[in-house]
Amino acid sequence: MASSGVSVAPECITAFNELKLGKSLKWIIYTISDDWKEIVVEEKSDNADYAIFREKLLNAKSKDRKGKEGIGGRYAVYDFEYELENGEGLRNKITFITWCPDDAPQYPRMMYSSSKEALKRSLNGLAADIQANDADDIEYDEIKSRVHKGR
């Protein structure tokens, strides 16, 4: 359980293992439940189109403590595949992304920031960890650059 009191649903680990071991999924998007008590799987997909994945993050909504909907944060795991520049072939890195837009309301930003480690600790085998706060941070080339460097 995170310091925020948010727990990780078992389905989060099951979905991650499906991506990591089964290679049947390309990405998973996690959200904190509307009651702010549990991290759950919002969506998972085998679609390799990064633009679709990115749009899902950009369009995420969360409710604040009063129930008002606004821009929302998310956690995501993406099985990022990229070509090495020197022609050595393809590489895959399972990448953890914390999407917490700067213009999201304060309470969702605080909850996503303080609950991140609980989810990360539950997911064994992450190769890169990316904190994304605006649309430029989740551009394909930006992610590729950071994943390639292992950050």
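The structure we're discussing is the one just above.
Residues numbered from 1 in each chain as written. Predicted model: local features only at pLDDT ≥ 70, side-chain atom pairs only at ≥ 80, totals over all residues. Heavy atoms only, no water.

1. Quick word on the overall build of the protein chain
Helix and strand content of the protein chain: 4 helices and 8 strands. Each helix and strand of the protein chain, placed in order from N terminus to C terminus, yields the pattern β-α-β-β-α-β-β-β-β-α-β-α. Taken over the C-alpha trace, the protein chain has a radius of gyration of 15 Å; the compact-globule value for 151 residues is 15 Å, and the two agree within 12%. Oriented by its inertia axes, the alpha-carbon framework of the protein chain measures out at about 55 × 30 × 25 Å. Classification of the 151 residues of the protein chain by burial places 44% in the buried group. Within the protein chain, counting contacts between residues at least 6 apart in sequence, those at least 24 apart form 61% of the total. Element-wise, carbon and sulfur atoms account for 45% of the exposed surface of the protein chain, whose accessible area totals about 7700 Å². (Helix = DSSP H or I, 4+ residues; strand = E, 2+ residues; numbered from the N terminus. Rg over C-alpha atoms; globule rule 2.2 N^0.38 Å. Buried < 20%, exposed > 50% of the residue type's maximum accessible area, 1.4 Å probe, protein only. Contact = heavy atoms within 4.5 Å. Areas by Shrake-Rupley, 256 points an atom, 1.4 Å probe, with all protein chains shown as cover.)

2. Regarding the nonpolar core
If you look at the biggest cluster of nonpolar residues, it comprises 23 residues, and the most contacted ones within it are Y30, I32, I39, Y75, V77 and L119. Taken together, the elements giving at least two residues each to this core come down to α1 (10-22), β2 (27-32), β3 (38-45), β6 (74-83), β7 (90-99) and α3 (106-122). The biggest single contributor to this core is α1, with 4 residues. Those residues in contact with I39 that lie beyond four places of it in its chain are V6, S7, V8, A9, C12, Y30, T31, I32, Y75, S115 and L119. Ranked by size, the runner-up nonpolar core spans 18 residues in total, among them F53, L57, F80 and I138. (Core = buried A, V, L, I, M, F, W, Y, C linked by side-chain atoms within 4.5 Å.)

3. Here we look at the sheet that holds β2
Spatial strand order, β1-β3-β2-β6-β7-β8: 6 strands in an open sheet with mixed pairing. Edge strands, defined here as strands with exactly one partner in the open sheet, are β1 (7-8) and β8 (128-132). For β2 and β6, the ladder comprises 4 bridges, and the chain directions are antiparallel. Its bridge partner being in β6, Y30 is matched across the sheet by Y75. Where α1 meets the sheet, it contacts β1, β2, β3, β6 and β7, and its direction lies at approximately 35° from that of β3. (Pairing = 2+ DSSP bridges. Axes fitted to C-alpha atoms, helices over the stretch in contact; angles between N-to-C directions.)

4. What to know about the pairing of β7
Note: β6 against β7, 10 bridges, orientation antiparallel. Bridge pairing links D79 to I94 in β7. With 5 bridges connecting them, β7 and β8 associate as parallel partners. Paired with T98 across the bridge in β8 is Q131. Crossover connection from β7 via α3 to parallel β8: handedness right-handed. (Right-handed = clockwise from strand over helix to strand, strands pointing away.)

5. Topic: the packing of aromatic side chains
This structure, assessed with the given rule, holds 13 aromatic pairs. Both rings, one in Y50 and one in Y78, keep their centres 5.2 Å apart while their planes meet at 80°; by these two values the pair is edge-to-face. With Y50 in helix α2 (residues 50-58) and Y78 in strand β6, the pair connects residues that are 28 residues apart, well separated along the chain. Assigned by exposure class, Y50 and Y78 land together as buried. Every member of this aromatic cluster is reached through a ring pair, and the members are W27, Y50, F53, Y78, F80, Y82 and Y140. (Phe/Tyr/Trp six-rings, centres within 6.5 Å; stacked < 30°, edge-to-face > 60°.)

Worth remembering: the numbers are spatial, not functional.
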